[in-house]
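Below, each chain spelled out in residue letters.
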Amino acid sequence: MTECIFCKIITGDIPAKIIYETPELLAFHDLNPQAPLHALIIPRKHIATLNDLTEADAPLLGQMYLAAQHIAAQAGFAERGYRCVINCNLDGGQSVYHIHLHLLAGRKHSWPPG
Ligand code: AMP
């Protein structure tokens, strides 16, 4: 767990531009933004992937989406819209194995995604 870069952001060992935090969550700007606003919302609890989520974590996932709603609204993107994505494992495009919700806003997103 100590090798996890997002755990290191939580402990402050790796710097990040923090946007929002609660006792359960942290949100910060993505290092390689794919939209004018690209935030990552993570639980402080280390959960590797969506596959590792349990029933007990269900409220946490709800809090992550509410955080995305809050951040998008604060940034003025609520009405225009935004995209929330959780990538899971190789085919999902996951590269950091600490579950995170991408919040992308400020440009039009196409469908289907790449
Ligand atoms: P994923 O590919 O869904 O696992 O997303 C991982 C995201 O983490 C990518 O968008 C990376 O740009 C981002 N990322 C990796 N390292 C950092 C970091 N130290 N600070 C902020 N974002 C990061």
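Located above this text is the structure these notes cover.
Throughout what follows, the structure given in this document is the object of discussion. The structure presented is a predicted model; accordingly, all values stated were derived computationally and were not measured.

Of all hydrophobic cores here, the largest spans 18 residues; its most connected members are Leu-25, Leu-37, Ile-41, Ile-71, Leu-101 and Leu-103. Looking at this core, the elements that each hand over two or more residues are strand E2 (25-29), strand E3 (37-43), helix H2 (58-74) and strand E5 (101-105). By residue number, the principal contributor to this core is H2, which donates 6 residues. With 9 residues, the next largest nonpolar core counts Cys-4, Ile-9, Phe-28 and Ile-42 among its residues.

With that settled, consider the environment of Arg-44. Along the polypeptide, Arg-44 turns up in the loop between E3 and H2. A relative accessible area of 27% means that Arg-44 is categorised as partly exposed. Non-local contacts of Arg-44, meaning those with residues more than four positions away in its chain, are made with Ile-10, Glu-21, Thr-22, Pro-23, Glu-24, Leu-25, Leu-26 and His-98. Looking at Arg-44, its side chain comes within polar contact range of the side chain of Glu-21, at 3.0 Å.

This part covers the packing of aromatic side chains. Enumeration according to the criterion identifies 1 aromatic pair in this entry. Geometrically, the ring pair formed by Phe-6 and Phe-28 is edge-to-face, given 5.4 Å between the ring centres and 75° between the ring planes. A residue pair is termed long-range when its members are at least 10 positions apart, and Phe-6 in helix H1 (residues 5-11) and Phe-28 in strand E2 qualify at 22 residues. One exposure class covers both Phe-6 and Phe-28, and it is buried.

Close to the ligand lie 16 residues; Asp-30, Asn-87, Gly-93, Ser-95 and His-102 are nearest. Asn-87 has a polar side-chain atom sitting 2.8 Å from an oxygen atom of the ligand. Within the contact set of the ligand, an oxygen atom lies 2.9 Å away from a backbone nitrogen or oxygen of Gly-93. Its free accessible area being 500 Å², the ligand has 84% of it covered by the protein chains. For the shell around the ligand, the elements supplying multiple residues, two or more each, are H1 and E2. Top contributing element to the shell around the ligand by residue count: H1, with 3 residues. Looking at the shell around the ligand, its residues break down into 7 nonpolar, 8 polar and 1 charged.

Here we have 5 strands laid out as an open sheet, ordered E1-E2-E3-E5-E4, and antiparallel in their pairing. Pairing within the sheet leaves two strands with one partner each, and these edge strands are strand E1 (18-21) and strand E4 (82-85). Between one strand axis and the next, the sheet turns by 20° as a mean value, whatever way the strands run. Across 4 bridges, E4 lies against E5 in antiparallel orientation. Residue pairing for E5: Cys-84 is matched across the bridge by Leu-103.

The rules behind these values
Residues numbered from 1 in each chain as written. Predicted model: local features only at pLDDT ≥ 70, side-chain atom pairs only at ≥ 80, totals over all residues. Heavy atoms only, no water. Core = buried A, V, L, I, M, F, W, Y, C linked by side-chain atoms within 4.5 Å. Buried < 20%, exposed > 50% of the residue type's maximum accessible area, 1.4 Å probe, protein only. Helix = DSSP H or I, 4+ residues; strand = E, 2+ residues; numbered from the N terminus. Contact = heavy atoms within 4.5 Å. Polar contact = N/O pair within 3.5 Å; in protein donor to acceptor, adjacent residues only side chain to side chain. Phe/Tyr/Trp six-rings, centres within 6.5 Å; stacked < 30°, edge-to-face > 60°. Near = heavy atom within 4 Å. Areas by Shrake-Rupley, 256 points an atom, 1.4 Å probe, with all protein chains shown as cover. Nonpolar A, V, L, I, M, F, W, Y, C, P; charged D, E, K, R; others polar. Pairing = 2+ DSSP bridges. Axes fitted to C-alpha atoms, helices over the stretch in contact; angles between N-to-C directions.

Spatial relationships are all this shows, so hold off on functional conclusions.
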